[in-house]
Amino acid sequence: DVKVTQSSRYLVKRTGEKVFLECVQDMDHENMFWYRQDPGLGLRLIYFSYDVKMKEKGDIPEGYSVSREKKERFSLILESASTNQTSMYLCASSSPGREAGNEQFFGPGTRLTVL
Amino acid sequence: AQSVTQLDSQVPVFEEAPVELRCNYSSSVSVYLFWYVQYPNQGLQLLLKYLSGSTLVKGINGFEAEFNKSQTSFHLRKPSVHISDTAEYFCAVSFWGSASKIIFGSGTRLSIRP
C-alpha cells in the first residue's frame, strides 16, 4: 500500500513565524503535491514537484515556498505565517503515466492554526 | 477551459435510502475521472476511478459511478446508505497531457439521518 505521511496532524503557530510542513511518501512516486483545503473551496493546489529539485507553482503559491531535496520528501514552507493561512494542508503523491491515470494518494492532512 | 463542477454542496438523506452525488466536467480532451471520500479530520481516500473501458465503475463501500461522455458527467450512486457514509465526497478529473495534475470539485457533504 502507498503510504503518505505528514509530520504533524495539528499545528498552532503565531503570526510572523516560519512554518515547515513535511511530507514523506514511500512508493517511489515522481510527483508530489501540496494543497490547501478550505470550506466551500475544495482543494486548491499550492505547488507541485515532478522530480527532485523541480517545482512548479499551482493556483495559489503566494506566501508559500517548497523544497524537494530527496525524491520521497516534499516540504511546504510558510516564510512568515499569517492568519489567512489558517487551513487544512494536504500532501499527495502520484506516479505519471496512463496506467494510473494520475491517481493521487493523500496524507492525513495537517490542520494549521495561525494566531 | 477545463473544469469540474459538483452541483450540490450538501445532500441530506435518510439511512437506507439511495443517493446520487452529481459531477460534471468540461474538457476538450480525454479524461480520467475519480471520486474521493474524506471522513472528518482525515485525508482523501480513493473511492473509485474511471480510466477506460466499461463506463460503469464499482468502488469500495458499495458505491458505483457511471461515465457519460455525451453528458460529460460522472455521477456517484449508492442504492442504500449507512450512517458510516457520512463524509465529504470530491469528484476529480485528470486530463490527458495535463502533466499529472488533477482538478478537484468543491465537494459534496453527505449527511445521513437515522
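Just above sits the structure.
Here is what the cut-offs are and how they apply
Residues numbered from 1 in each chain as written. Chains lettered and ligands numbered in written order. Predicted model: local features only at pLDDT ≥ 70, side-chain atom pairs only at ≥ 80, totals over all residues. Heavy atoms only, no water. Helix = DSSP H or I, 4+ residues; strand = E, 2+ residues; numbered from the N terminus. Rg over C-alpha atoms; globule rule 2.2 N^0.38 Å. Buried < 20%, exposed > 50% of the residue type's maximum accessible area, 1.4 Å probe, protein only. Contact = heavy atoms within 4.5 Å. Areas by Shrake-Rupley, 256 points an atom, 1.4 Å probe, with all protein chains shown as cover. Lys, Arg positive; Asp, Glu negative; His and termini not counted. Charge placed at Lys NZ, Arg CZ, Asp CG, Glu CD. Polar contact = N/O pair within 3.5 Å; in protein donor to acceptor, adjacent residues only side chain to side chain. Buried area = accessible area lost by both parts, 1.4 Å probe. Salt bridge = Lys/Arg side-chain N within 4 Å of Asp/Glu carboxyl O. Phe/Tyr/Trp six-rings, centres within 6.5 Å; stacked < 30°, edge-to-face > 60°. Lys NZ or Arg CZ within 6 Å of the ring centre and 35° of its normal. Pairing = 2+ DSSP bridges. Axes fitted to C-alpha atoms, helices over the stretch in contact; angles between N-to-C directions. Disulfide = S-S within 2.5 Å.

A. Main features of the overall build of chain A. Check the secondary structure of chain A and you find zero helices and 11 strands. The secondary structure elements of chain A, listed N-terminal to C-terminal, are β-β-β-β-β-β-β-β-β-β-β. For 115 residues, the compact-globule estimate of 2.2 N^0.38 gives 13 Å, and chain A sits close to it at 13 Å. The dimensions of chain A, computed from C-alpha atoms along their principal axes, are 45 × 30 × 25 Å. Sorting the 115 residues of chain A into buried and exposed places 49% on the buried side. If you take every contact in chain A between residues at least 6 apart in sequence, the share linking residues at least 24 apart comes to 56%. Of the roughly 5600 Å² that chain A leaves accessible, carbon and sulfur atoms contribute 50%. Treating the 16 positive side-chain charges of chain A as one cloud and the 16 negative ones as another, the clouds have centres 6 Å apart.

B. Structural context of the environment of I103(B). Residues and elements named next belong to chain B. As for its position among the elements, I103 is in strand β11 (residues 102-104). Given a relative accessible area of 30%, I103 falls into the partly exposed group. Residues I103 and Y50 lie 53 residues apart in sequence; the distance between their C-alpha atoms is 15 Å. What I103 contacts, discounting residues up to four positions off in sequence, is Q2, V4, C91, A92, V93 and F95.

C. Region of the structure containing the environment of K58(B). Residue and element names in this part refer to chain B. Within the secondary structure layout, K58 lies in strand β7 (residues 56-58). With 14 residues separating them in the primary sequence, K58 and L44 have C-alpha atoms 18 Å apart. Those residues in contact with K58, other than ones at most four positions away along the chain, are L48, F63 and E64. A distance of 2.8 Å separates a polar atom in the side chain of K58 from a polar atom in the side chain of E64.

D. Highlighting the interface of chain B and chain A. Opposite the 24 residues of chain B that make contact, chain A presents 26 residues. Around 1800 Å² of area is buried between chain B and chain A when both sides are counted, 52% of it from carbon and sulfur atoms. Remark: the boundary between chain B and chain A carries one salt bridge. Between K49(B) and E103(A) there is a salt bridge, and its shortest N-O distance comes to 2.6 Å.

E. Fine view of the packing of aromatic side chains. Counting across every chain of the model gives 13 aromatic pairs over all chains. Judged by centre distance (6.3 Å) and plane angle (20 degrees), the ring pair of F33(A) and Y35(A) falls under stacked. Residues F33(A) and Y35(A) agree in their burial class; the two are buried. Members of the aromatic cluster, each reached through a chain of ring pairs, are F33(A), Y35(A), F48(A), Y50(A), F106(A), F34(B), Y36(B) and F104(B). One Lys or Arg, R113(B), reaches over the ring of F14(B) and ends 5.9 Å from the middle of that ring.

F. Geometry of the sheet that holds strand β8 (residues 73-78) of chain A. Residues and elements named next belong to chain A. If you walk across this open sheet you meet the four strands as β1-β3-β8-β7, and the pairing is antiparallel. Edge positions in the sheet fall to β1 (4-6) and β7 (65-70), since each has one partner strand and no second. Going from strand to strand, the sheet's axes swing by 20 degrees on average, the running direction of each strand aside. Inspection of the sheet shows β7 paired to β8 by four bridges, in the antiparallel sense. Bridge pairing in β8 places S65 opposite I77.

G. Region of the structure containing the state of the cysteines. Applying the stated criterion across every chain yields a total of two disulfides over all chains. Note on cysteine connectivity: C23(A) is disulfide-linked to C91(A), with sulfurs 1.9 Å apart. Here the disulfide of C23(A) and C91(A) is left-handed, its torsion about the S-S bond being about -80 degrees. Of this pair, C23(A) sits in strand β3 (residues 19-25) while C91(A) is found in strand β9 (residues 87-94), placing the two residues 68 residues apart along the sequence. Here C23(B) engages in a disulfide with C91(B); their sulfurs sit 1.9 Å apart. Between C23(B) and C91(B), the S-S dihedral sits near -65 degrees, and the bridge is therefore left-handed. One end of the pair, C23(B), is in strand β4 (residues 23-26); the other, C91(B), is in strand β10 (residues 87-95), with 68 residues separating them in the sequence.

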